[in-house]
Amino acid sequence: MRLLVHSARQVVTITNEDVFYLSGRAMKSVEVLQNNDDGVAVAIDDDGYIAAVGSTQYVRRLWKDDDFEKIIDATGKCVLPGFVDAHTHPVWAGDRVHEFAMKLAGASYLEIHSAGGGIFFTVDSTVKCSSEELYQSLKDRLIKMLKAGTTTVECKTGYGLETKAEMKLLQVLQRAKEELPIEISLTYCGAHAVPKGKTPEEATEIIIRDQIPRLKNMMDQKLLSVENIDVFCEKGIFDTEQSRRILQAGKEIELRINFHGDELNPMKSAEMGAELNATAISHLEMVSKKGIEDMAVSGTVAVMLPTTAYLMKLKPPPVHEFIEAGVPVAIGSDFNPNVHCLAMPTVMNLACTMFGMSMPEALIAATLNAAASLGRGSTHGAIQKGRVGDLVIINANKWEHIIYQLGSHQHLIDIVVKKGKIVYRSTTDY
Ligand SMILES: N=CN[C@@H](CCC(=O)O)C(=O)O
Ligand SMILES: [Zn+2]
């Protein structure tokens, strides 16, 4: 056995049902094991999967202490599933702190983008960097995410745009996937913006005729393992029909559809995504009622991004309409040079304060439902026998502190476990 965590004050299992996600009324509460005698324990096997969860006495009867490679005494602490960040753009160079100042002074995101800033500024800085430089900054960001409790993260390309540069970003992410202890779900997002000097139609053709076939070729040669395809479906970027063609081409090479839609303008992205059986759609501030209904039917996950709405002062998306309609709602940090947030505890706090979510809703959105948005709803995001042994152990006697104590996750997170291995321990930092 790889790991025993025992005597915890609480273990938040999320659910005891055999489900891939939670929605509707089932999001109102999370399953918490608490035992006032000798606390609660989790045992993780040699392959990194959860072998047992229950009272410390029960779990300790199943094995001898000598059977475990490592034992953690979690007396007085709470154990949660590792967080799953459903949406990030982590590989880029050149910060945009100057644009933050412009936005504070009133400039809008699309104004900055149309004037050649925004994504274009980042692309210009990124393409000048070597793969090694990009890898080192990516690694630094991913390790910070891990220390903030994220054990699985969706990572997009999108700051290369041209074919060669996009393939380079995919390779940098692939290296991180192979070398780092955080699990990565890799997303190809060549359609993040229309490269300068091209029309959206020309860019769409290049993506379909050149980039996607190259991607397939590299995947066939096992040089890349990309899981998802993304596009920025937005007025002035890729329209809904161009987005549909790109996503369909990705689907044909067996990528899951997971894209940006209905953010700044109503685009009927949700309706289009549901038609294509998208796994997930992000943002959705401007979604229509029909779009919500269609996503409920197709089982598409709605990925809400509270940091973006906060920074850009967007109208909050209709989170409760999604939940009541039966759509699985997830959250993500949307880490990118526009929104510099690496920590899911902060995202959960903003989901509550900005979007009116309850703490159980925010935690489910940051674990099981985020896992579902990455095709991992049956294996990640909950502490159940047979699921991956990803844990966050916090120095608090009630799990809600991880959301309530805004900006304090560094002080609360004691240990992060990925597949039964300790990948971060706060004491080693001091
Ligand atoms: N909307 C498109 N992509 C990002 C922003 C990327 C950028 O501004 O660099 C987002 O999700 O918010
Ligand atoms: Zn994004």
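Definitions and limits used
Residues numbered from 1 in each chain as written. Chains lettered and ligands numbered in written order. Predicted model: local features only at pLDDT ≥ 70, side-chain atom pairs only at ≥ 80, totals over all residues. Pairing = 2+ DSSP bridges. Helix = DSSP H or I, 4+ residues; strand = E, 2+ residues; numbered from the N terminus. Axes fitted to C-alpha atoms, helices over the stretch in contact; angles between N-to-C directions. Contact = placed C-beta atoms within 7 Å. Expected span 1.5 Å × (residues − 1). Buried ≥ 20, exposed ≤ 12 C-beta atoms within 10 Å, placed from the backbone. Near = placed C-beta within 6 Å. Nonpolar A, V, L, I, M, F, W, Y, C, P; charged D, E, K, R; others polar. Core = buried A, V, L, I, M, F, W, Y, C linked by C-beta atoms within 7 Å. UniProt positions renumbered as here; feature names shortened; annotations may be inferred. Parallel < 35°, antiparallel > 145°, perpendicular 65-115°, else oblique. Domains from an automatic or database assignment.

Novice: Explanation requested: the sheet that holds strand β9 (residues 150-156) in the structure shown.
Specialist: Paired through their backbone hydrogen bonds, the strands of a sheet run either parallel or antiparallel. Judged by pairing direction, the sheet is parallel, and its eight strands sit side by side in the order β8-β9-β10-β11-β12-β13-β14-β15 without closing on themselves. Only two strands of the sheet have a single neighbouring strand rather than two, namely β8 (83-85) and β15 (329-331). Mean inter-strand twist for the sheet, computed between neighbouring axes without regard to direction, equals 25°. Note: strand β13 (residues 280-283) against strand β14 (residues 301-304), three bridges, orientation parallel. Its bridge partner being in β14, Ile281 is matched across the sheet by Ala302. Relative to strand β11 (residues 228-233), helix α8 (residues 240-252) is tilted by about 175°, and along the sheet it contacts β10 (183-191), β11 and β12 (256-261).

Novice: Can you walk me through α8 in this structure?
Specialist: Three or four residues apart is the spacing at which side chains of an α-helix point the same way, because the helix has 3.6 residues per turn. The terminal C-alpha atoms of α8 lie 18 Å apart, and with 13 residues this matches the ideal 18 Å at 1.5 Å per residue to within 8%. If you check which residues of α8 are buried, you get Gln242, Ser243, Arg244, Ile246, Leu247, Ala249 and Gly250. Looking at the packing, one finds that the buried side of α8 touches β10, α7 (200-220), β11, β12 and α9 (269-275). Glu254 lies just past α8 and shows a positive phi near 70°.

Novice: For this particular structure, what's the right way to read the site of ligand 1?
Specialist: Taken together, His89, Gly118, Ile119, Thr122, Phe232, His260, Thr308, Asp334, Asn336, Pro337 and Asn338 make up all the residues around ligand 1. Class assignment for the residues of the shell around ligand 1 results in three nonpolar, seven polar and one charged.

Novice: I keep staring at the nonpolar core and nothing clicks. Help me out?
Specialist: Nonpolar side chains in soluble globular proteins tend to be buried together. Val5, Val42, Val79, Ile331, Ala351, Ala365 and Ala366 are the most contacted members of the largest nonpolar core, which totals 138 residues. Top contributing element to this core by residue count: helix α13 (residues 344-355), with seven residues. If near-sequence neighbours (up to four positions away) are discounted, Val79 is found in contact with Val5, Ala8, Val11, Val12, Val42, Ala74, Leu391 and Ile393.

Novice: Sorry, what's going on with the UniProt feature "domain: Amidohydrolase-related" (unreviewed entry) in the protein here?
Specialist: Taking the numbering used here, the UniProt-annotated feature "domain: Amidohydrolase-related" (unreviewed entry) corresponds to residues 79-423. Here residues 79-423 is 45% helix and 17% strand, with 15 Å between the C-alpha atoms at its ends.

Novice: Before we go on, may I ask you to explain the sheet that holds strand β18 (residues 421-425) in this structure?
Specialist: Read across the open sheet, the six strands follow the order β3-β2-β7-β16-β17-β18; overall the sheet is mixed. Only two strands of the sheet have a single neighbouring strand rather than two, namely β3 (31-34) and β18. Each strand of the sheet is rotated relative to its neighbour by a mean of 20°, with strand direction disregarded. Sheet topology places strand β2 (residues 10-14) next to strand β7 (residues 78-81); two bridges connect them, and they run parallel. Note that in β7 the partner of Val11 across the bridge is Val79.

Novice: Whenever I open this one, the packing of α7 against α8 confuses me. Can you help?
Specialist: Helix-helix packing: each pair is described by the crossing angle between the helix axes and the interaxial distance. For the pair α7 and α8, the least separation of the axes is 10 Å and the interaxial angle reads 5°. By the angle between their axes, α7 is roughly parallel relative to α8. Contacts from Pro200, Glu201, Thr204, Ile207, Ile208 and Ile212 of α7 reach α8 at Gln242, Arg245, Ile246, Ala249 and Gly250. Of the residues that constitute the contact of α7 with α8, the class distribution is six nonpolar, three polar and two charged.

Novice: Please explain the domain arrangement of the protein as it appears in this structure.
Specialist: The domain architecture assigned to the protein consists of domain 1 (3-81 + 382-425) and domain 2 (83-374). Of note, the centres of domain 1 and domain 2, computed from C-alpha atoms alone, are 29 Å apart. Counting residues at the interface gives 26 residues for domain 1, matched by 31 residues for domain 2. Elements with a contribution of two residues or more to the side of domain 1 that touches domain 2: α16 (401-404), β17 (413-418) and β18. Grouping the amino acids of the side of domain 1 that touches domain 2 by side-chain chemistry returns 16 nonpolar, six polar and four charged.

Novice: I tried to follow the environment of Gly291 on my own but got confused; where do I start?
Specialist: Positionally, Gly291 belongs in helix α10 (residues 289-298). What makes Gly291 buried here is the crowd of 28 C-beta atoms within 10 Å. Spatially, the C-alpha atom of Gly291 lies 29 Å from that of Tyr159, the residues being 132 residues apart in sequence.

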